[in-house]
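Analysis of the macromolecular model
If you want the building blocks of each chain, they are given just below.
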Amino acid sequence: MWDEYEKGIISKEQIRFERFKQTFDYFSKLHALDIEAIASYYTAHCPQKGALMDGAVEILEYLNGKGYQLHLITNGFKEVQFIKINGCNIGGYFKEIIISEMVGVMKPDKRIFDYALSAAKGASRESIMIGDSLYADIGGAMNAGLKAIYFNPEKNEHTATPTYEIFHLLQLKQYF
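What counts as what
- Residues numbered from 1 in each chain as written.
- Predicted model: local features only at pLDDT ≥ 70, side-chain atom pairs only at ≥ 80, totals over all residues.
- Heavy atoms only, no water.
- Helix = DSSP H or I, 4+ residues; strand = E, 2+ residues; numbered from the N terminus.
- Rg over C-alpha atoms; globule rule 2.2 N^0.38 Å.
- Buried < 20%, exposed > 50% of the residue type's maximum accessible area, 1.4 Å probe, protein only.
- Pairing = 2+ DSSP bridges.
- Axes fitted to C-alpha atoms, helices over the stretch in contact; angles between N-to-C directions.
- Contact = heavy atoms within 4.5 Å.
- Polar contact = N/O pair within 3.5 Å; in protein donor to acceptor, adjacent residues only side chain to side chain.
- Arc of directions from axis to C-beta.
- Core = buried A, V, L, I, M, F, W, Y, C linked by side-chain atoms within 4.5 Å.

Turning our eyes to something else, we now look at the overall build of the chain. For the chain, the helix and strand inventory stands at eight helices and five strands. On C-alpha atoms alone, the chain measures out to a radius of gyration of 17 Å, which is about the 16 Å that the 2.2 N^0.38 rule sets for 176 residues. Projected onto the principal axes, the alpha-carbon positions of the chain cover approximately 55 × 35 × 30 Å. By residue count, 38% of the 176 residues in the chain fall in the buried class.

Here it is as structure tokens:
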């Protein structure tokens with residue numbers, strides 16, 4: 001469903017409700033009001049989790065210490081993303097936090113990368129995208145003229161050609 005949302009096939013409201021409806025339709029029959037309550041509970045509580053990937057804070061500190069300006073681009077929902085970012089105490093590492101819902105276009109649309117570059121006062125030749133979605137992050141960034149590092153912790157096979165590929169966040173140190 002997230003792929004459908006990123007491609008503009010379904011809306012924010014549809015993904016919020018339908019992901020639970022389809023799951024519960026598969027396992028049992030629940031009333032729509034029950035599904036709505038579960039969806040609301042999930043949306044309110046899931047972003048409160050503060051777990052980060054192994055090496056996340058270490059690499060953010062490393063990159064900041066090297067003088068890199070970090071910016072975040074996400075297709076997530078604004079009310080959820082700010083809770084997640086603040087709950088993990090990583091907001092201070094980023095100069096700009098760009099949320100597709102606020103910009104009006106989602107990755108991989110080139111316009112969100114152009115918006116991010118403008119907000120960061122950066123140039124595509126001096127910028128690099130690090131992301132875990134070949135479609136939204138890597139494809140979108142490369143289409144916008146940025147280099148792209150594919151973060152592939154599951155070591156999924158693919159035929160894409162990102163600029164670089166890493167399997168652990170600390171591998172970024174070899175490029176910066």
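Tracing the backbone shows Ile90 in the loop between helix H5 (78-87) and strand E2 (94-99). Taking the C-alpha atoms as reference, Ile90 lies 8.3 Å from Leu60; in sequence the two are 30 residues apart.

Let's shift gears to the sheet that holds strand E3 (residues 128-131). Taken in spatial order, the three strands make up an open sheet running E3-E4-E5, and their pairing is parallel. The open sheet has two free edges, formed respectively by E3 and strand E5 (164-166), since each of these has just one partner strand. Ignoring which end each strand starts from, the neighbouring axes of this sheet average 20° apart. Where E3 meets strand E4 (residues 147-151), four bridges bridge the pair, whose relative direction is parallel. Along E4, the bridge assignment pairs Gly131 with Tyr150. Across the sheet, helix H8 (residues 134-143) lies against E3 and E4, angled at about 165° from E4, the strand it touches most.

Time to look at the environment of Asp137. Looking at the element boundaries, Asp137 is found in helix H8. Counting along the chain gives 22 residues from Asp137 to Tyr115, while the straight-line C-alpha distance between them is 15 Å. Within the structure, Asp137 has its side chain in polar contact with the side chain of Lys107 (distance 2.5 Å). In terms of polar contacts, Asp137 uses its side chain to reach the backbone amide nitrogen of Asp132, at 3.0 Å.

Three or more residues of H5 are buried, namely Val80, Gln81 and Ile85. Projected down its long axis, H5 shows its buried positions confined to an angular sector of 125°, all on one face. Where H5 ends, the next residue or the one after it, Asn89, has phi of about 60°, a positive value.

A few words now on the environment of Ala39. Locating Ala39 in the fold gives a position in helix H3 (residues 32-45). According to the relative accessible area criterion, Ala39 is buried, its value standing at 5%. It is 38 Å that separates the C-alpha atoms of Ala39 and Thr163, two residues lying 124 residues apart in sequence. For Ala39, the residues in contact, after removing those within four places along its chain, are Arg16 and Phe20.

Grouped together as the largest cluster of nonpolar side chains are 17 residues, with contacts concentrated most on Leu60, Ile90, Phe94 and Leu172. Where this core is concerned, the elements lending two or more residues are helix H4 (56-65), strand E1 (70-74) and E4. Considering every element that reaches this core, the biggest residue donor is H4, with four residues. Ignoring any residue separated from it by four or fewer positions in sequence, one finds Ile90 in contact with Leu52, Leu60 and Ile85. In terms of nonpolar packing, the next biggest core, distinct from the first, is built from 14 residues, Phe113, Ala116, Met129 and Ala148 among them.

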